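Working through the structure, step by step
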Amino acid sequence: MATCNKRKAGFRHLPRAVALLMVGAAALAAAQDRPESLLPPGFGQPTAPATPRPTPRGTSTPRVPSGAVASPTPLATPAPSQADPVGALLDSLATPKPSPTPSPSATIDPRTLAEYELPASARRSLALVGPAGPSEGALDSRVFAGADGRVAETLMRRLSAPLPSRWTSILLRRTLAAQMITPRGVNGADFAAERAWLLLRMGEAQVARAVVQSVDTANYTPKLFQVGINALLASSDPAGLCPLADRGSSVTGLGGYRVAQAMCAALAGDGQRGAAILRQVRRQRITDDFDLKLAEKLMGSSAGGRRAVSVDWSGADRLTSWRFGLATATGVSIAPEYLSYVGPQVRGWLATSPAVAATERASVIDQAATMGVLSNAALVDFYSALADDDQASRAQGAIANDLRNAYAGSDESQRLSAIRSLWGSDDRTPYGRLVLTARAVARLPVLSSDRDSDRLIASMLSAGLDRSAARWRGAVKQGGDAWAMIELSDPDQQGQVGYDQVTSYATDGDAWKQRMFFAGLAGLGRLSQSDTERGAQALDVRIGQRNAWTEALDQAVADGQTGMVVVLCAIGMQTSDWRGVPPQALYRIVGALRSVGLDAEARMIAAEAIARA
C-alpha cells in the first residue's frame, strides 16, 4: 500500500484517468521493476577481472518479465514444449545504471569530437526525432503534441505486443515511426528508445533500427545505447554497431559492446586488434563460447579474415537477440526448434531480414503479414521474386505460380481458381493468404453469386481496398459476413442505418460477432443515439462503462493528442486474439480514432473484427 501511495503522489500533476491507468499498469508489472537485458547471460554486465568459471547457467532460474513463461533449463537443444507468449529472447528493458566517469586521458568528450566529425548544420536536433514523414506513410510531426512524454513512455513500456489486430499494429507503427516533435518532460533520445523498444516487440525490427539511427550518436543516452544494440541485431545489422561500440562500451558497460569493438576492428581491416580484444573478452568470461564463435565467424568473413569458423547450434541453450543477429548476418541458419518457442515477433524480424535467403523466410512470411509487418505489395513482391529463385522448393514455386495466375490468368475463372488455390482447402483460410490475394481479388469483376464472398471481401479489406469491396454491395448475401464488413468499411456510406440492420445480421448463433458488428456501427456513428442505447441494452454491450482506460482515452481525444489515442487504443487490445477484445472496447477504440481524424483506420479495424472472428 505504501508503494502505491508513493506512485500516486508522483502522478498528482497528471490527469486523474491517466494517472490511474499508469498506477494499474505498474501494479500489474511489479515483477518488471528491475527488468533485464535482451542479451545473453553475461552480456548485460560490465566487464570484470577474470574469475574462476562460474557454475553452469542451468543451475539457476533466470528472472523473466511478468506474464512470461520462464526459460527452459539450458540444454544442448532448446525445449520447445511450452511457448513463451512474450518471446524467449525478449526480456524487458533494463534501467540503465550510471556509468563510471571515464578517465580524461582515455576518451575524448563526444561533443568535442562531434565538432570535428559533423558540422553544426548537419546535426539533428533531439526536439524532432524520427525517420519518416507523412509522405512515407507515417503520421505528422505533432502526433504527441501536448502530451506528457513520461506518461507516453510508461504506457508504451507496459504495452504487450504483438497485437491481435493487423490494422491497429499498422497504425501504431505509423505513429512510432513518425518524425515527431519530442513531447514535454522527456529526452528525445530516451523517447526514441521507448518507441524502438515497442517496435521490436511488435516484430518491426527494420523500423526500430530506423528510429534509433534517427538520433546522432553523440546524443545517445544509456537507454538508447541498450535498445540500439538490440534493434541493430534484430535487423541483422551488426556492422551498424561500429559507430556506437566504443562509447557504448564506456557508457553502459555492456559486454556486447565490448565484443562489438572486436568485430568492428576486424571489419575495418584491423584483424590483429580485433583478435586481441576477443582474447581479452574470453579471459574475462563475459559470455560463453557459442556467442564468441558467432563473433569470430563475423570477423572471419570480413575482408581481412583468414579463419573459417563453423557454428554448431547444439552449443546453444536458447535463441537470443545476439545469436539471431549474428547468425542471420553471417548466413548461419537458425535451427527450426529454436524458433518454435520464441514469440511471434521474432518471425517478423526473420521475415524482413535482408540477410536471410528468401527460401528460409518463406516459412514465416505469411505470419509477418498477419501481424501487419508486411503489406500486400511487399508480400506479392516477395513471392514474385521467389518464382525466379533456383533454390525454391516445389511447394514455394507452386505458390508463386498460383499468384501469377491470380493476377494474369486468361479469364476470371482461372484467376478465381488460382486465388482459391492460394487460400487452401481448409475451412479457415490463414489471414496472411487473404492479405496476399487482396489486389488480385480487387481485379475480379463483381460476381452475381459466389460461395466465397466472405473471403473475397475480407481479402480486399485486409489491404484497405474499401471502395473495391463496396462494389460488391449488391451481390453479397444480405445479413452475411461480407455484407457486414461492407456496412462497416464503405467510405461513401451516407447517413445512419436502422437498428434492424443489426438484428438482420445472421451469425449462425455467434452472439459475439453480432455484438462486435453493433459496436463497430455505433462507434462509427452509423446508428442513431436511440438505436445505440437500444442495441447496447438488448445485446448487453456496456458502452457506457467507465474506468481508468476509458477516462484516459476520452481525455486524450478531448486534448486532440493523436499519438496518445493510438497508444491507448492498442492498450485496449491486450489479448492474444480478436475473441478476447470486448465489444465495448471496440466501440471506444473506433469512436476515439474517428474523433482524431483517423476514420479510415477506424473502419478497417471494425471490419477486421468480423473478418477474423
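Numbering of residues begins from 1 in every chain and follows the order in which that chain's sequence is written. This being a predicted model, a pLDDT of at least 70 is required before a residue's local features are given, and a value of 80 or more before pairs of side-chain atoms are given or counted; all residues contribute to the totals for chains, interfaces and linings. Just so you know, side-chain values use all the structure's heavy atoms and leave hydrogens and water out.

**Some words on the overall build of the protein**
This is how the line gets drawn: Here a strand is any run of E in DSSP of at least two residues, a helix any run of H or I of at least four, and the numbering for each starts at the N terminus. Each residue's exposure class comes from its accessible area (1.4 Å probe, protein chains only) as a fraction of the maximum for that residue type: buried when under 20%, exposed when over 50%, partly exposed otherwise. Throughout, a residue-residue contact means that at least one pair of heavy atoms, one from each residue, lies within 4.5 Å. Each accessible area value is a Shrake-Rupley result obtained with a 1.4 Å probe; residue values ignore everything except the protein chains displayed when judging cover.
When helices and strands are tallied, the protein shows 32 helices and two strands. Across the 613 residues in the protein, those meeting the buried criterion constitute 55%. Contacts in the protein between residues at least 24 apart in sequence constitute 70% of all its contacts with a sequence separation of at least 6. A total accessible area of about 26100 Å² is found for the protein, and carbon and sulfur atoms account for 49% of it.

**Overview of the side chain of arginine 603**
For arginine 603, the position within the fold is in helix 32 (residues 599-611). If near-sequence neighbours (up to four positions away) are discounted, arginine 603 is found in contact with Asp466, Leu488, Ser489, Asp490, Pro491, Leu524 and Arg526.

**Some details on helix 5 (residues 166-176)**
Condition: N or O atoms closer than or at 3.5 Å make up a polar contact, with two conditions inside protein: a donor-capable atom paired with an acceptor-capable one, and, for residues adjacent in sequence, both atoms drawn from side chains.
Buried residues dominate helix 5, accounting for 10 of its 11 residues. You can read the cap of helix 5 off the contacts: a side-chain oxygen lies 3.4 Å from the backbone nitrogen of tryptophan 167, and it is on serine 165.

**A closer look at the nonpolar core**
Stated formally: Remark: nonpolar core denotes a set of buried residues (Ala, Val, Leu, Ile, Met, Phe, Trp, Tyr, Cys) joined through side-chain atoms within 4.5 Å.
In this structure, Leu172, Trp313, Leu319 and Ile457 are the most contacted members of the largest nonpolar core, which totals 185 residues. With nine residues, the top contributor of residues to this core is helix 6 (residues 188-201).

**Overview of unusual backbone geometry**
Most peptide bonds take the trans form, and the phi angle of most residues other than glycine is negative. In the segment running from alanine 161 into proline 162, the intervening peptide bond is cis, with an omega of 5°. Summarising the element assignment, proline 162 is placed in the loop between helix 4 (149-158) and helix 5. In this structure, arginine 285 takes a positive phi of about 55° despite not being glycine. Here arginine 285 shows up in the loop between helix 11 (271-283) and helix 12 (289-300).

**Overview of the pattern of salt bridges**
To keep it simple, the criterion reads: For salt bridges, the criterion is a side-chain nitrogen of Lys or Arg within 4 Å of an Asp or Glu carboxyl oxygen.
Tallied over the full model, the rule gives 30 salt bridges. The partner of arginine 579 in a salt bridge is aspartate 510, with the nearest N and O atoms 2.5 Å apart. Of this pair, arginine 579 sits in the loop between helix 30 (562-571) and helix 31 (583-595) while aspartate 510 sits in the loop between helix 26 (499-503) and helix 27 (511-523), and the two are 69 residues apart along the sequence. Look at aspartate 510 and you get buried, because its relative accessible area is 17%. Close ionic contact of arginine 542 with aspartate 540 constitutes a salt bridge, the shortest N to O distance being 3.6 Å. Overall, aspartate 540 belongs to the partly exposed group, its relative accessible area being 44%. What you see here is one network of salt bridges that share partners, running through Asp288, Asp291, Asp317, Arg318 and Arg323.

**Focus: the environment of alanine 127**
If you trace the backbone, alanine 127 turns up in the loop between helix 3 (110-117) and strand 1 (128-129). For the pair alanine 127 and glycine 188, spaced 61 residues apart in sequence, the C-alpha to C-alpha distance is 6.2 Å. Setting aside chain neighbours within four positions, we find alanine 127 in contact with Met180, Ile181 and Thr182.

**Describing the packing of aromatic side chains**
Note the cut-off: Two rings belonging to Phe, Tyr or Trp (six-membered ring only in the last case) form a pair when the distance between their centres is within 6.5 Å. Interplanar angles under 30 degrees mark stacking, angles over 60 mark edge-to-face geometry, and anything in between is tilted. Charge-over-ring placement is defined geometrically: NZ (Lys) or CZ (Arg) within 6 Å of the ring centre, and within 35 degrees of the ring normal.
Under the counting rule described, the total for this entry stands at 10 aromatic pairs. Considering the side-chain rings of tryptophan 483 and tyrosine 505, the 6.5 Å spacing of their centres and the 45° angle between planes classify their relative orientation as tilted. Here the residue tryptophan 483 occupies a position in helix 25 (residues 481-489), and tyrosine 505 occupies one in the loop between helix 26 and helix 27, the gap between them amounting to 22 residues. A relative accessible area of 2% places tyrosine 505 in the buried class. Grouping aromatic residues by their ring pairs yields a cluster made of Tyr220, Phe225 and Tyr257. Residue placement shows arginine 612 over the ring face of tyrosine 431; its charged tip is 4.4 Å from the ring centre.

**So, the confidence of the model for the protein**
Detailed reading of the predicted model is not advised wherever pLDDT is low. Selection rule: The pLDDT value tells you how sure the predictor is about a given residue, anywhere from 0 up to 100.
Predicted confidence across the protein gives a mean pLDDT of 82, with 79% of residues reaching 70 or more. A low-confidence stretch, residues 1-14 stays under pLDDT 50, and its non-local contacts, those more than four residues away or across chains, total 13 contacts. This model gives residues 23-106 a pLDDT under 50, and the stretch forms 161 contacts once residues within four places in sequence are excluded.

**Here we look at the packing of helix 5 against helix 30**
Two quantities define a packed helix pair, namely the angle between the axes and the distance from one axis to the other. Our working definition: Axes here refer to lines fitted to C-alpha atoms; in helices the fit is confined to the stretch in contact. Angles between the N-to-C directions go from 0 to 180 degrees. Crossings are classed by handedness, with left-handed meaning an anticlockwise turn of the near helix from the far one by less than a right angle and right-handed meaning a clockwise turn. Three categories are distinguished: nonpolar for Ala, Val, Leu, Ile, Met, Phe, Trp, Tyr, Cys and Pro, charged for Asp, Glu, Lys and Arg, and polar for the others, with Gly belonging to the last.
Remark: helix 5 packs on helix 30, axes separated minimally by 10 Å, with the N-to-C direction vectors making an angle of 145°. Where helix 5 crosses over helix 30, the two elements pack in a sense that is left-handed. Of the residues in helix 30, those in contact with Thr168, Leu171, Leu172 and Thr175 of helix 5 are Gly563, Val566, Val567 and Ala570. Its residues placed into classes, the contact of helix 5 with helix 30 shows five nonpolar, three polar and no charged.

**A word on the environment of aspartate 140**
Structurally, aspartate 140 is set in the loop between strand 1 and helix 4. Residue class for aspartate 140 comes out partly exposed when judged on its relative accessible area of 44%. Non-local contacts of aspartate 140, meaning those with residues more than four positions away in its chain, are made with Pro134 and Ala178. For aspartate 140, the side chain forms a polar contact with the main-chain nitrogen of arginine 142, separated by 2.9 Å.

**Points about the packing of helix 29 (residues 548-558) against helix 31**
Put simply, the rule reads: The scheme is simple: roughly parallel for angles under 35 degrees, roughly antiparallel for over 145, roughly perpendicular for 65 to 115, oblique for anything else.
Direction vectors running N to C along helix 29 and helix 31 enclose 10°, while the axes themselves pass 10 Å from each other. When the axes of helix 29 and helix 31 are compared, the pair comes out roughly parallel. Between helix 29, through Trp549, Thr550, Leu553, Asp554 and Val557, and helix 31, the contact on the second element is made entirely by Ala585, Arg588, Ile589, Ala592 and Ser595. Among the residues making up the contact of helix 29 with helix 31, the classes are represented as six nonpolar, two polar and two charged.

**Overview of helix 10 (residues 255-267)**
The condition that has to hold: What a helix is expected to span follows from its residue count: subtract one and scale by 1.5 Å.
Here helix 10 spans 19 Å end to end across 13 residues, near enough to the 18 Å set by a 1.5 Å rise per residue. Within helix 10, the full set of buried residues consists of Gly255, Gly256, Tyr257, Arg258, Val259, Ala260, Gln261, Ala262, Met263, Cys264, Ala265 and Ala266. Glycine 269 occupies a position one or two residues after helix 10 and carries a positive phi of about 100°.

**Observations regarding the environment of glycine 271**
As for its position among the elements, glycine 271 is in helix 11. A relative accessible area of 35% means that glycine 271 is categorised as partly exposed. Sequence separation of glycine 271 and glycine 300 is 29 residues, and the distance between their C-alpha atoms is 8.8 Å. In this structure glycine 271 touches Ala265 and Ala266, once residues within four positions along its chain are discounted.

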